[in-house]
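These are the residues of each chain, in order.
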Amino acid sequence: MGEEFALEYADRRAKERGYEKYRIVYREFMIPAEGTVKLKAHNEIWLVLYIGWGLIVKSNYGRYDNWYTSNIIENSHEHGDHIEIINTRKYQRTIRFLQVILKTVNDNGSKN
């Protein structure tokens, strides 16, 4: 997913879920050879900006792998809740995300 599209998509998805405020964080991970990284992403949306060949991303939102969709740029690649990134190759690979942290307001007016 292209960065400009991801930023527009993030804004739209946050509002669709009822959040007017959110924070954007760029994340990059080096996944070790034949390794796995697990993330907890509750109250967050993670959008794949770049994914190295041979990586698989699985989450409660679905699955994305780079084999069949490598040339699709404007696809939503949205993940959240429990995310697992699997490297199926013998060399480390890189993945980049746009993390959208949805901000809530407590009853006392403080923000989370």
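Look a little higher up for the structure.
Residues numbered from 1 in each chain as written. Predicted model: local features only at pLDDT ≥ 70, side-chain atom pairs only at ≥ 80, totals over all residues. Heavy atoms only, no water.

Trainee: Help me understand the overall build of the protein chain, please; the structure alone is not making it clear to me.
Mentor: Along its length, the protein chain carries one helix and six strands. Among the 112 residues that make up the protein chain, the fraction classed as buried is 42%. Expressed as a percentage of contacts within the protein chain between residues at least 6 apart in sequence, the contacts between residues at least 24 apart total 75%. Summing over all exposed atoms, the protein chain offers an accessible surface of approximately 6700 Å²; the carbon and sulfur share of this is 46%. (Helix = DSSP H or I, 4+ residues; strand = E, 2+ residues; numbered from the N terminus. Buried < 20%, exposed > 50% of the residue type's maximum accessible area, 1.4 Å probe, protein only. Contact = heavy atoms within 4.5 Å. Areas by Shrake-Rupley, 256 points an atom, 1.4 Å probe, with all protein chains shown as cover.)

Trainee: Please clarify how the nonpolar core should be interpreted in this entry.
Mentor: Soluble globular proteins tend to pack their nonpolar side chains together in the buried interior. If you look at the biggest cluster of nonpolar residues, it comprises 15 residues, and the most contacted ones within it are Ile85 and Ile95. Counting residues per element, the ones that place at least two in this core are β1 (22–31), β2 (36–51), β3 (55–59), β5 (78–87) and β6 (93–102). Of the residues forming this core, the biggest block, six residues, is contributed by β2. Not counting residues up to four positions away in its chain, the partners in contact with Ile85 are Ile31, Gly35, Thr36, Val37, Leu39, Leu55, Ile56, Val57, Ile95 and Phe97. Grouped together as the second largest cluster of nonpolar side chains are twelve residues, Ala14, Ile45, Leu98 and Val100 included. (Core = buried A, V, L, I, M, F, W, Y, C linked by side-chain atoms within 4.5 Å.)

Trainee: Whenever I open this one, the sheet that holds β1 confuses me. Can you help?
Mentor: Each strand in a sheet pairs with another by means of backbone hydrogen bonds, the pair being arranged parallel or else antiparallel. Strands sit in the order β1-β6-β2-β5-β3-β4 across an open sheet of six strands; the sheet is antiparallel. Looking at the sheet topology across the chains shown, the edges are occupied by β1 and β4 (62–65). Here the strands of the sheet are splayed against their neighbours by 35° on average, with no regard to which way each runs. Inspection of the sheet shows β1 paired to β6 by ten bridges, in the antiparallel sense. Counted as the bridge partner of Ile31 is Arg93 from β6. Along the sheet face, helix α1 (residues 3–16) touches β1, β2, β5 and β6 and points at about 155° away from the line of β2. (Pairing = 2+ DSSP bridges. Axes fitted to C-alpha atoms, helices over the stretch in contact; angles between N-to-C directions.)

The values are spatial; any link to function lies outside them.
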